[in-house]
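Residue strings, one per chain:
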Amino acid sequence: MNASSSSAAPQPVKSALRTLDVIEFVVAHRQGVVAQEIAAALAIPVSSLSYLLTTLADRGYLAREGRRYLPGPGLERLRAGPEALPLADRVAPLVRALKGELNETAAFMVQRGWEVESLVTEASDQALRYAVDPGTRRPLHALAAGKVILAALSEAERARYFAETTRAAFTPATRTDEADLAADIARITADGIAVAREEATVGIVGTAVPVRLDGTFVGVFSVAVPAVRFDAALEARVRQALLRAASALA
């Protein structure tokens, strides 16, 4: 009797096998190998291999020295426990996943003085998008991520923040008054999520959630969406994706 199709052994994924073959081949050659050697040994067209090598090098799984490819630091990261990784390396896969799920610009942000800094970012592929470079800093009061940071401060730190800062209005919607920001902070504390509608940039809505490691606040996951796309359905998806990302590290 023929076995049913549902019981057939799963077939390997060719693209995954090809990726693993390339990594294993490079690891086996301590002196490094050039693309033509990899292509000849693994019967991969050079045109296809070039894209794969570029991707693996960009992600750190291979390193390039001149024309030769060698094992990259990304392979060591896979062997290390999560606690041994820098914070940026721990959150980067989750930022990529946020962008991949939503196809909206996603970031992990941290506090730098009275500013919020984008530590890891992934820009949307859509023509209409908000993009931010890693290292970009903005004042805390205008961004959803910044307000999450304000909500995580102690009362003494928050009092010092209000005493030391002058808060510029970047758009007509920017909330600069201490009482307004205090109300926002109370809402974020209750809801566990922040939404800033066109407060830092006209036409952009930011949503953010706090991130904690072992109970300690370390930063914020954030998603930025053009206001014209930010309907109720997308807002719900963004919220759910952000909360899942934060819970993955908790």
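Computed from a predicted model, the values in this text were never measured in an experiment.

J.: I keep staring at the layout of surface pockets and nothing clicks. Help me out?
T.: Gaps between atoms show up when a probe of the same size as a water molecule is rolled over them. Put simply, the largest pocket is a space of about 250 Å³. Taken together, D58, R59, Y61, G74, R77, L78, L85, A88, D89, A92, P93 and R96 make up the lining of the largest pocket. Among the elements of the structure, α4 (73-79) and α5 (87-102) are those that each provide at least two residues to the lining of the largest pocket. Taken as a whole, the second largest pocket spans an internal volume of roughly 220 Å³. As for the second largest pocket, its lining consists of K147, R175, D184, R187, I188, D191, I193, A194, V195, E199 and R239. Looking at the lining of the second largest pocket, the elements that each hand over two or more residues are α8 (178-191) and β7 (194-197). Top contributing element to the lining of the second largest pocket by residue count: α8, with four residues.

J.: How should I be thinking about the environment of E155 in this particular structure?
T.: Within the secondary structure layout, E155 lies in helix α7 (residues 155-164). E155 sits in the exposed class, given a relative accessible area of 68%. The sequence separation of E155 and V211 amounts to 56 residues, and the corresponding C-alpha distance is 19 Å.

J.: What should I look at first to understand the pairing of strand β2 (residues 62-65) in this one?
T.: Every other side chain in a regular strand lies on the same face of the sheet, so the side chains alternate between the two faces. Bridge count between β2 and strand β3 (residues 68-71): four bridges; the pairing is antiparallel. Each bridged residue has a counterpart across the sheet, and for L62 the counterpart in β3 is P71. Between the antiparallel neighbours β2 and β3 lie two residues, among them G66 with a positive phi of about 65°.

J.: Would you explain the pattern of salt bridges in this entry?
T.: Side chains that differ in sign of charge can pair as their charged atoms come close. The full count for this structure, using the stated rule, is 15 salt bridges. Here E101 and R244 are joined by a salt bridge, their closest N and O atoms 2.4 Å apart. Here E101, found in helix α5, pairs with R244, found in helix α9 (residues 232-249); they are 143 residues apart in sequence, far enough to count as distant. Classification of E101 by relative accessible area gives partly exposed; the value is 38%. Between E115 and R137 there is a salt bridge, with its nearest N and O atoms 4.0 Å apart. In this pair, E115 sits in strand β5 (residues 115-122) while R137 sits in strand β6 (residues 137-139), placing the two residues 22 residues apart along the sequence. You can call E115 partly exposed: its relative accessible area is 30%. R137 sits in the partly exposed class, given a relative accessible area of 42%.

Reading the values: rules and limits
Residues numbered from 1 in each chain as written. Predicted model: local features only at pLDDT ≥ 70, side-chain atom pairs only at ≥ 80, totals over all residues. Heavy atoms only, no water. 1 Å grid on protein atoms, 1.4 Å probe; cavity = no way out; pocket = protein on both sides within 12 Å on 5 of 7 lines; lining within 4 Å. Points joined across faces, edges and corners; volume = space filled by probe spheres on them. Helix = DSSP H or I, 4+ residues; strand = E, 2+ residues; numbered from the N terminus. Buried < 20%, exposed > 50% of the residue type's maximum accessible area, 1.4 Å probe, protein only. Pairing = 2+ DSSP bridges. Salt bridge = Lys/Arg side-chain N within 4 Å of Asp/Glu carboxyl O.

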